[in-house]
Amino acid sequence: MEFAGKVALVTGAGSGIGKATALRLGAGGASMVVISRTVDEIEETRDEIIKAGGKAIAIDADIADEAEMARVIDATIKQFKRLDIVVANAGINGMWAPIDDLTPDEWDQTMTVNLRGTYMTLHLAVPHLKERGGSVIIVSSINGNRTFTSAGATAYAATKAAQVAMAQQLALELGKHRIRVNAVCPGAIDTEIDDNTDKRNTQLAEIPVEWPEGDIPITGGEPGESRDVADVIAFLASDAARHVTGVPVYVDGGQSLLR
């Protein structure tokens, strides 16, 4: 119960990495605030945490909307009186297309969800983290940081690189308040993010490369599991990582080293 007495907020907690993280932190004793725009999914996450003996509330909100995220933070403090851990996980792949095919609206959508959403989450949560210190974990990606071979993923890669820059910038800014800020950079993981991925003419941007034995060395090409990332997030959120800040951690089974 390494998180007993602490309150954790996880965005995008209805499925994939976000859900696995919420369940992991809840199992560790944290009181959970789970956020998503998909009501039935986060209610299921909340119910699973409660069924396992934990405490949780579910809130439907758009992470890029200031009023909605302010409502989330207000509800968190009203219910649990504090905030200790923030996992900024929610995001989209958006449209993957050659740069001269990608429209301004498609670019803006990816920027809004992935960057404004991360900014808004931290902008409103940090004042409460400053009261006691805490931990922020931003879920980025190997894309834009160690790999650049996802054809047409310019907007997505740009947001993921920016998230790591945010984590490192804020690690220095917030260190004096005893707030640690780190990033996790997953590779291929068995999530549902492909459901919000659109691709158009990506073959025009591809560099043809084949990995006959798969491109994830540690699993023989098979994607990792959401809990693989959740366990790393739990470590970064815990006191075991009390001297770790400003660090991007790659959770990819060696994929980015090959690609």
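Residues numbered from 1 in each chain as written. Predicted model: local features only at pLDDT ≥ 70, side-chain atom pairs only at ≥ 80, totals over all residues. Heavy atoms only, no water.

Draft legend 1. Region of the structure containing the overall build of the protein. Regarding its fold elements, the protein presents seven helices and nine strands. The C-alpha radius of gyration of the protein comes to 18 Å, within 12% of the 18 Å expected for a compact globule of 259 residues. Across its three principal directions, the C-alpha atoms of the protein cover 55 × 40 × 40 Å. Within the span of the protein, comprising 259 residues, buried residues form 50% of the whole. Partitioning the contacts of the protein with sequence separation of at least 6, the portion at a separation of at least 24 is 75%. Of note, the protein has its 24 positive side-chain charges centred 12 Å away from the centre of its 36 negative side-chain charges. (Helix = DSSP H or I, 4+ residues; strand = E, 2+ residues; numbered from the N terminus. Rg over C-alpha atoms; globule rule 2.2 N^0.38 Å. Buried < 20%, exposed > 50% of the residue type's maximum accessible area, 1.4 Å probe, protein only. Contact = heavy atoms within 4.5 Å. Lys, Arg positive; Asp, Glu negative; His and termini not counted. Charge placed at Lys NZ, Arg CZ, Asp CG, Glu CD.)

Draft legend 2. Structural context of the packing of aromatic side chains. Considering all chains together, one arrives at one aromatic pair under this definition. Look at Trp 96 and Tyr 156: their rings are 5.9 Å apart centre to centre, the planes differ by 40°, and that puts the pair in the tilted class. Here Trp 96 is found in strand β5 (residues 94-96), whereas its partner Tyr 156 is found in helix α5 (residues 154-175), with 60 residues between them in sequence. Tyr 156 matches Trp 96 in its accessibility class, with the two residues each being buried. (Phe/Tyr/Trp six-rings, centres within 6.5 Å; stacked < 30°, edge-to-face > 60°.)

Draft legend 3. Inspection of the side chain of Thr 45 at higher detail. Examined against the element boundaries, Thr 45 turns out to sit in helix α2 (residues 39-51). By relative accessible area, which is 0% here, Thr 45 ends up buried. A distance of 2.9 Å separates a polar side-chain atom of Thr 45 from the backbone oxygen of Ala 13. Those residues in contact with Thr 45 that lie beyond four places of it in its chain are Ala 13, Gly 14, Lys 19, Ala 22, Leu 23 and Val 34. (Polar contact = N/O pair within 3.5 Å; in protein donor to acceptor, adjacent residues only side chain to side chain.)

Draft legend 4. Structural detail: the nonpolar core. Ranked by size, the top nonpolar core spans 35 residues in total, and within it Val 33, Leu 83, Val 136, Ile 138 and Val 181 carry the most contacts. Residues within four places of Leu 83 in sequence aside, it is in contact with Val 7, Leu 9, Ile 73, Thr 76, Ile 77, Ala 125, His 128 and Leu 129. Core analysis: the second largest hydrophobic core is formed by 25 residues, Ala 22, Leu 25, Val 34 and Ile 189 among them. (Core = buried A, V, L, I, M, F, W, Y, C linked by side-chain atoms within 4.5 Å.)

Draft legend 5. Fine view of the pairing of strand β7 (residues 179-186). Buried residues dominate β7, accounting for eight of its eight residues. Every second residue of β7 is oriented toward a common face, with Ile 179, Val 181, Ala 183 and Cys 185 on one face and Arg 180, Asn 182, Val 184 and Pro 186 on the other, all of them buried. Sheet topology note: the strand β6 (residues 134-139)/β7 ladder contains six bridges and is parallel. The residue bridging Ile 137 from the neighbouring strand is Asn 182, located in β7. Handedness of the crossover joining β6 and β7 through α5 is recorded here as right-handed. Pairing of β7 with strand β9 (residues 248-251) involves four bridges; the strand directions are parallel. For Cys 185, the partnering residue across the bridge sits in β9 and is Tyr 250. (Pairing = 2+ DSSP bridges. Right-handed = clockwise from strand over helix to strand, strands pointing away.)

Interpretation in functional terms is not warranted from these geometric data alone.
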